[in-house]
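# Close look at the chain arrangement
This is what each chain is made of:
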Amino acid sequence: MAKQTISVGTTANDGTGDTLRNALIKTNDNFTELYGKTIGFSSSNGTAVTGTLIETASQSVLIPANTFSTTGILEIIARYTKTGIAGTSNLKVYKNTSNTLVGATLIFGGTAAAAAAIFSQSIRTFRINSNTLTGYVLTGASDYATATAYLSTTFTTNVDNYIIFSLTMGSILDSANVDMVKLIKTT
């Protein structure tokens with residue numbers, strides 16, 4: 001939906017503007033459009049990944065069936081925090097129709113953080129068209145790619161989909177968790 005502008009008339013009280021009722025309907029519609037874009041949000045700590053070098057799911061967000069019709073834009077924002085400086089850490093993001101890494105499809109290779117880094121944040125944008133998710137899979141923290149790393153994978157819109165955030169630690173002495181995720185839908 002495009003932004004709806006309230007007509008205020010040519011001059012005050014000339015009767016050519018929107019009625020009070022129509023003006024408030026437009027206001028409500030504009031707010032519904034604005035707030036309806038966030039699909040999922042979590043600012044609570046995900047499962048802590050500590051004492052292991054095995055990739056572990058820390059957080060996930062459900063995209064309910066039919067959230068997208070046949071087209072749209074999905075923006076994923078994720079941040080993780082880390083304690084300890086013994087090794088690097090890496091965030092990866094997957095999509096799956098069940099809330100597990102088993103059988104999941106990697107949709108971005110995530111952000112590798114240096115040993116001294118205490119947090120890392122990533123933003124990626126994907127296009128959904130005819131049950132296909134497309135975008136560039138950047139394997140680092142940069143916002144550009146020097147080689148084509150294009151992702152095209154099935155994203156069936158009429159079933160539940162999970163976006164799963166995993167962490168891999170470079171040292172068993174460190175700990176990390178995904179502490180903020182946000183999924184935004186644009187049509």
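Scroll up to find the structure.
What comes next concerns the included structure. (Residues numbered from 1 in each chain as written. Predicted model: local features only at pLDDT ≥ 70, side-chain atom pairs only at ≥ 80, totals over all residues. Heavy atoms only, no water.)

With respect to the helices and strands, D174 occurs in the loop between β11 (161-169) and β12 (175-186). Among the polar contacts listed, one links the side chain of D174 to the backbone nitrogen of I85, at a separation of 3.2 Å. Among all residues touching D174, those that are not within four sequence positions of it are V49, T50, G51, K82, T83, G84, I85, A86, G87 and M169. (Helix = DSSP H or I, 4+ residues; strand = E, 2+ residues; numbered from the N terminus. Polar contact = N/O pair within 3.5 Å; in protein donor to acceptor, adjacent residues only side chain to side chain. Contact = heavy atoms within 4.5 Å.)

One pass over the structure, following the stated rule, counts one aromatic pair. For the pair F68 and F155, a centre-to-centre distance of 6.4 Å together with 85 degrees between the ring planes defines the contact as edge-to-face. In this pair, F68 is assigned in the loop between β3 (56-63) and β4 (71-83) and F155 in the loop between β10 (150-154) and β11, connecting sequence segments 87 residues apart. Judged by relative accessible area, which is 2%, F68 ranks as buried. (Phe/Tyr/Trp six-rings, centres within 6.5 Å; stacked < 30°, edge-to-face > 60°. Buried < 20%, exposed > 50% of the residue type's maximum accessible area, 1.4 Å probe, protein only.)

To continue, consider the environment of N99. Within the secondary structure, N99 is located in the loop between β5 (89-96) and β6 (105-108). Once the C-alpha coordinates of N99 and I163 are considered, the two residues, 64 residues apart in sequence, prove to be 8.1 Å apart. Aside from chain neighbours lying at most four places away, what touches N99 is S60, Y162 and I164. Within the local environment of N99, its side chain forms a polar contact with the side chain of S60, the two groups lying 2.9 Å apart.

Applying the stated rule across the entire model yields three salt bridges. One salt bridge in this structure joins D179 and R79, with 3.1 Å as the shortest N-O distance. Here the residue D179 occupies a position in strand β12, and R79 occupies one in strand β4, the gap between them amounting to 100 residues. For R79, a relative accessible area of 28% gives the class partly exposed. A salt bridge links D174 to K82; the shortest N-O distance between them is 3.8 Å. (Salt bridge = Lys/Arg side-chain N within 4 Å of Asp/Glu carboxyl O.)

Treat this as a map of the structure, not an account of what it does.
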